[in-house]
Amino acid sequence: MTMFGYRVPMMASLLVWCVIWEIVGRSGAMFLIPPLSDVLVAVVALVQTGTWQAAAITTLNSFLLGMFFAIVVGVILGVLMGRSTTADSLLGIWVNIFVSAPLSALVPVLMILFGMGETTVVVTVFLFAVWIIVLDTRAGIQGVPKSLVEMGRSYGASRFTLYGKIIFLAALPEILAGIRLGVVRGVKGVVIGQLLVAIIGYGELFELYSRNFDMVNFWALTIILFAAAMGLSALIENIEKRVDYYAGVR
Amino acid sequence: MRNITAQAATAAARPAGADVAVEVRGICKMYNEIEALRGIDLDFPAGKLTTLLGPSGCGKTTLLKIVAGLIPATSGEVRVNGNTVTGPGPERAFVFQDFALMPWATVMRNVGFGLELKGMGKNERQAIAQKYIAEVGLSGFENKYPHELSGGMRQRVGLARAFAVNADVLLLDEPFSAVDEQNRRKFQEDLLELVEKEKKTFIFVTHSIEEAVYCSDRIVILSRRPGRIAQIIEPEIDRSASPDAIRRDQGYLDTVEEIWQGLKHYVD
Amino acid sequence: MSFPVQANGSSRAVPPSEASFVWRKLSEHRTALWRTASIGLFFLVWEIAGRIPISFAFPTFLETLRAFVTMTLDGSFVAAYAETLQPLVIGIAISAVIGIGLGIVMGLSRFAEWLAAPVFIVLQAAPMAALIPLITFVYGIGLVSKTLAVIMLALPVIVLNGYKAVRNANPSLVAMCYSFQGNWWQRITKIIIPDASPVIFAGLRLGLAAGFIGVILAELLITPTGIGDLITYHRSVADYPEMYAAVVSIILVSTLTLAALEAFELRVLRPEKRKS
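Predicted, not measured: the structure shown is a model, and the values here were computed from it.

Caption draft 1: View of the domain arrangement of chain B. Residue and element names in this part refer to chain B. Here the domain parsing of chain B yields domain 1 (2-91 + 168-266) and domain 2 (101-166). Here the C-alpha centroids of domain 1 and domain 2 sit 26 Å apart. Contacts between domain 1 and domain 2 engage 16 residues on the former and 13 residues on the latter. Between domain 1 and domain 2, the buried area comes to about 1,200 Å², and carbon and sulfur atoms account for 62% of it. There are 2 salt bridges connecting domain 1 and domain 2. Asp-190 is paired through a salt bridge with Arg-156; the nearest N and O atoms lie 2.9 Å apart. There are 4 residue pairs in polar contact (both at pLDDT 80 or more) connecting domain 1 and domain 2. Looking at the side of domain 1 that touches domain 2, the elements with two or more residues in it are β8 (169-173) and α7 (181-198). By residue class, the composition of the side of domain 1 that touches domain 2 is 10 nonpolar, no polar and 6 charged.

Caption draft 2: Expanded view of the UniProt feature "transmembrane region" (unreviewed entry) in chain A. Residue and element names in this part refer to chain A. The UniProt entry lists residues 6-24, 36-57, 63-81, 93-114, 120-141, 162-183, 189-209 and 216-236 under the feature "transmembrane region" (unreviewed entry), expressed in the numbering used here. With 86% helix and 0% strand, residues 189-209 has its two end C-alpha atoms placed 20 Å apart. In the segment residues 216-236, helix accounts for 100% and strand for 0%; the C-alpha atoms at its two ends are 31 Å apart.

Caption draft 3: Region of the structure containing the interface of chain C and chain A. On the side of chain A, 51 residues touch chain C, which itself brings 52 residues to the contact. Roughly 4,700 Å² is buried in total at the junction of chain C and chain A, and carbon and sulfur atoms are behind 84% of that figure. Considering only the side of chain C, the residues that lose the most area to chain A are C:Trp114, C:Pro127 and C:Phe137, jointly responsible for 15% of the buried surface there. The interface formed by chain C and chain A holds 0 salt bridges in total. If you list the elements that add at least two residues to the side of chain C that touches chain A, you get α2 (30-51), α5 (110-125), α6 (132-139), α9 (184-221), α10 (226-236) and α11 (240-269) of chain C.

Caption draft 4: Local environment of unusual backbone geometry. Cis geometry marks the peptide bond from C:Ile52 to C:Pro53; its omega dihedral reads -20 degrees. Of note, C:Pro53 is situated in the loop between α2 and α3 (61-73). At B:Ala100, a residue that is not glycine, the phi angle is positive and equals roughly 50 degrees. Mapped onto the secondary structure, B:Ala100 falls in the loop between β7 (92-95) and α3 (107-111). For B:Ala100, a relative accessible area of 3% gives the class buried. Positive phi, close to 60 degrees, is recorded for C:Ala238, a residue that is not glycine. Relative to the assigned elements, C:Ala238 resides in the loop between α10 and α11. Looking at C:Ala238, the relative accessible area reads 42%, which means it is partly exposed.

Caption draft 5: Molecular detail of the packing of helix α5 (residues 107-114) of chain A against helix α6 (residues 118-142) of chain A. Residue and element names in this part refer to chain A. Where α5 contacts α6, the two axes come as close as 9 Å, and the packing angle between them is 140 degrees. Comparing the axis directions of α5 and α6 gives the class oblique. In terms of crossing hand, the pair formed by α5 and α6 is right-handed. Counted together, Val-107, Leu-110, Met-111 and Phe-114 of α5 and Thr-119, Thr-120, Val-123, Thr-124 and Leu-127 of α6 form the full contact between these two elements. Partitioning the contact of α5 with α6 into residue classes produces 6 nonpolar, 3 polar and no charged.

Caption draft 6: Region of interest: the sheet that holds strand β3 (residues 34-45) of chain B. Residues and elements named next belong to chain B. Strand order across the open sheet formed by 4 strands is β3-β2-β5-β6, with antiparallel pairing between neighbours. Looking along the sheet, the strands with just one partner apiece sit at the ends: β3 and β6 (83-84). Sheet topology note: the strand β5 (residues 75-80)/β6 ladder contains 2 bridges and is antiparallel. For Val-80, the partnering residue across the bridge sits in β6 and is Asn-83. Contacting β2 (20-31), β3 and β5, helix α2 (residues 60-68) crosses the sheet at an angle of about 120 degrees to β2.

Caption draft 7: Structural view of the packing of aromatic side chains. Residue and element names in this part refer to chain C. Considering all chains together, one arrives at 25 aromatic pairs over all chains under this definition. Measuring from ring centre to ring centre gives 6.0 Å for Phe-56 and Tyr-240, while their planes differ by 70 degrees; the resulting arrangement is edge-to-face. Of this pair, Phe-56 sits in the loop between α2 and α3 while Tyr-240 sits in helix α11, and the two are 184 residues apart along the sequence. Exposure remark for Phe-56: the relative accessible area of 69% places this residue in the exposed category.

Caption draft 8: Examining the interface of chain B and chain C more closely. Of the residues lining the interface, 28 residues belong to chain B; the matching set on chain C comes to 19 residues. For the pairing of chain B and chain C, the buried interface totals around 2,000 Å² over both sides, and the portion due to carbon and sulfur atoms is 68%. Among the residues of chain B in contact with chain C, B:Trp104, B:Leu117 and B:His147 are the three that bury the most area, contributing 32% of the side total. Applying the counting rule to chain B against chain C returns 1 salt bridge. Ionic pairing is found between C:Lys190 and B:Glu116, a salt bridge with its closest N-O pair at 2.6 Å. Ranked by the residues each element gives to the side of chain B that touches chain C, the list is headed by helix α4 (residues 113-117) of chain B, at 4 residues. Its residues assigned to classes, the side of chain B that touches chain C comprises 16 nonpolar, 5 polar and 7 charged.

Caption draft 9: Representation of the side chain of A:Gln194. Within the secondary structure, A:Gln194 sits in helix α8 (residues 159-197). Here the side chain of A:Gln194 touches A:Thr59 through a polar contact of 3.3 Å, side chain to side chain.

Caption draft 10: Structural view of the confidence of the model for chain A. Summary statistics for chain A give a mean pLDDT of 86 and a share of 94% for residues scoring 70 or more. When the elements of chain A are averaged for pLDDT, strand β1 (residues 2-3) of chain A gives the smallest value, 60, and α6(A) the largest, 93.

Caption draft 11: Looking closely at the UniProt feature "domain: ABC transmembrane type-1" (unreviewed entry) in chain A. Using the residue numbers shown here, the UniProt feature "domain: ABC transmembrane type-1" (unreviewed entry) corresponds to residues 56-236 of chain A. Secondary structure across residues 56-236 of chain A comprises 87% helix and 0% strand; the distance between its end C-alpha atoms is 21 Å.

Caption draft 12: Layout of the confidence of the model for chain B. Mean pLDDT for chain B: 83, with 93% of residues reaching 70 or above. In the predicted assembly, ipTM is 0.85 and pTM is 0.84.

Caption draft 13: Local environment of the pairing of β5(B). Residues and elements named next belong to chain B. Where β2 and β5 come together, 5 bridges link them in antiparallel fashion. When the sheet's bridge partners are listed, Glu-23 is paired in β5 with Arg-79. The hairpin formed by β5 and β6 contains 2 residues between the paired strands, and Asn-81 there has a positive phi angle of roughly 50 degrees.

Caption draft 14: Spatial organisation of the arrangement of the chains. With 2 pairs of chains in contact overall, the contact-richest pair is chains A and C. The two units chain A and chain B remain apart, with a minimum C-alpha distance of 16 Å.

Caption draft 15: Expanded view of the pairing of β3(B). All names here are of chain B. Note that β2 and β3 share 8 bridges and pair antiparallel. Residue pairing for β3: Val-20 is matched across the bridge by Pro-45. In this structure, the hairpin formed by β2 and β3 is closed by a connection of 2 residues, where Asn-32 is found at a positive phi of approximately 50 degrees.

Definitions and limits used
Residues numbered from 1 in each chain as written. Chains lettered and ligands numbered in written order. Predicted model: local features only at pLDDT ≥ 70, side-chain atom pairs only at ≥ 80, totals over all residues. Heavy atoms only, no water. Domains from an automatic or database assignment. Contact = heavy atoms within 4.5 Å. Buried area = accessible area lost by both parts, 1.4 Å probe. Salt bridge = Lys/Arg side-chain N within 4 Å of Asp/Glu carboxyl O. Polar contact = N/O pair within 3.5 Å; in protein donor to acceptor, adjacent residues only side chain to side chain. Helix = DSSP H or I, 4+ residues; strand = E, 2+ residues; numbered from the N terminus. Nonpolar A, V, L, I, M, F, W, Y, C, P; charged D, E, K, R; others polar. UniProt positions renumbered as here; feature names shortened; annotations may be inferred. Buried < 20%, exposed > 50% of the residue type's maximum accessible area, 1.4 Å probe, protein only. Axes fitted to C-alpha atoms, helices over the stretch in contact; angles between N-to-C directions. Parallel < 35°, antiparallel > 145°, perpendicular 65-115°, else oblique. Left-handed = near helix turned anticlockwise from the far one by under 90°. Pairing = 2+ DSSP bridges. Phe/Tyr/Trp six-rings, centres within 6.5 Å; stacked < 30°, edge-to-face > 60°. pLDDT = per-residue confidence, 0-100.

Here it is in structure tokens:
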């Protein structure tokens, strides 16, 4: 996008929307939307409170734990499915079902199985994130050129070296893409899990603020959450770019 | 074989006597800071097949697309039948390197697409499309989709589409580069028959020396970037001979060798 | 040069035995067989886990199946889905119209892209579910809220797919249309939109998947109706087989719908991927 001969960066338009938000908020036309400036002030105040910090730590803890298991299990399953047709045929249908199934319906089941606590949220994060990681890893492994594997074999690579130095590295761009999508889904999972359980972490705060019509704090919470989600996704995208150069030339 | 050296190119670029279909005058093309073409002056004789040949990146496709009106020149002008080119026009038709066939349309609709865009009625354009489908040897494939055809057949569809709009000048951008070797040879032979039959002006871009010598009445060799005219050669080969005889003809082989000697120093 | 293949076959050729015929028949349906085996295995594991039992709230597969059949026959599923699918269908229809329109405009106009694309990129990556408590406020616990929940989750992916598809329309086909003097309108309707339609449709499919999540979430969070109510109710009275049956049914319905849409996409919109 160019304006008056200058290149305007894409994300700059978000500033326009922020200004519109502020104007709508100031006009007081909608009770739901307080001025952005008030919300930003609330963000600064909120992050200094103990309640927010405790909620953030709980949330982050569940998220990281769930993501850790999702990445480990996802990559292992993906490699297995990519290399073995038996595993692929056995698991493929389930992975494809769960990758697009409405997993929010499973959360009540998790709640009775794992209790109304953090474990349920961890499992929710895991279930939201793992399938796309499996699928992308599998696609990456299957996309490793045969000649590259044969090259490794012909130069006498052991099985371990073959997987560690050739197959895994060659599939890395896809694996990272899968993890990035998994993180995006994981963030949604942690929010949905906490909202449904309703008594822990961010979910509890959302409940509290929305029940008390505290719109300023509600939006402050939302903005922090959205910013964290975008930041995480950008971080992984950054790592992805470092290996992407060879994705095209393999 | 008539070899016209670079020094004499400007004078001899105008073929004496013959009608000129396309005139290129002082074409320069800059892509930002990169000079792709410099001062191209060239005439394309009507009813002949002229080939633009050169090392990769010499701007031969750029020149063809400027003639087609698909991209603007930085300076200079192109005249077709005396009219200055400002964009694509009905007197020119383009054949694309990657075929540019619509995957969702049948052979019939693809061939008739140029006419469809002109607003011609369905029956009328199908009749015309049918004729050219037959002419390029694709009868019976009217209702197939592009993905069901081989590379060579797909490009025949592209060629039929260009014929169907009845343009005077056909512009072919490396039409055989995505076609495998055996099909390419057959296609080249068929193309020569079509050139003979259709009496149109062909401008052909290729990087294959053999293809250029085999098909062309005139070969324009461009130098490496910035593209300039390095040499113009008119292979004087007896086209009435059989394709196999042409490929074994001493004149044909000598011309190929001479062009190779001229181009060799561009290859790294 | 090769010799012509002997058409009558040599005397040493072994006639296809009965066993190899069966084997060939089987391998023709290889994928289907594996799927059946895989599903069967899953149910077996479920049944065993339920019999141990791994949890007091973990019914066996057979109990769940019985509940599933009963609920199908007594009409409770029919009533629940009538309620659940209504906001879903309305929400997806609205999202489709707005999303595809907006996506096409963003793909064609650099200004619209600049203005709107970042917003939808943020909305797609962000956990929109957090806003569901908010809509309850304004629109109460009725159909409007549930429809809005569906739109909020489904719209971003539909818009972004439409926009990317149009923006990345095959440049070679666009040049072809231009070279045959197609005008602006012909370029959009005859080249860009047909070329983009498979990806646009895939966006609708993803939007529907997100919409399912949205509608279930709305029914669990906002207002216990439809299938969400079945889940919540049977959970509260500890009818676990019924509860599991309801959960399975919604996953089944969404999976079958999405699979049907995908099959339609392959059949109608992508002739190049069809088997010839």
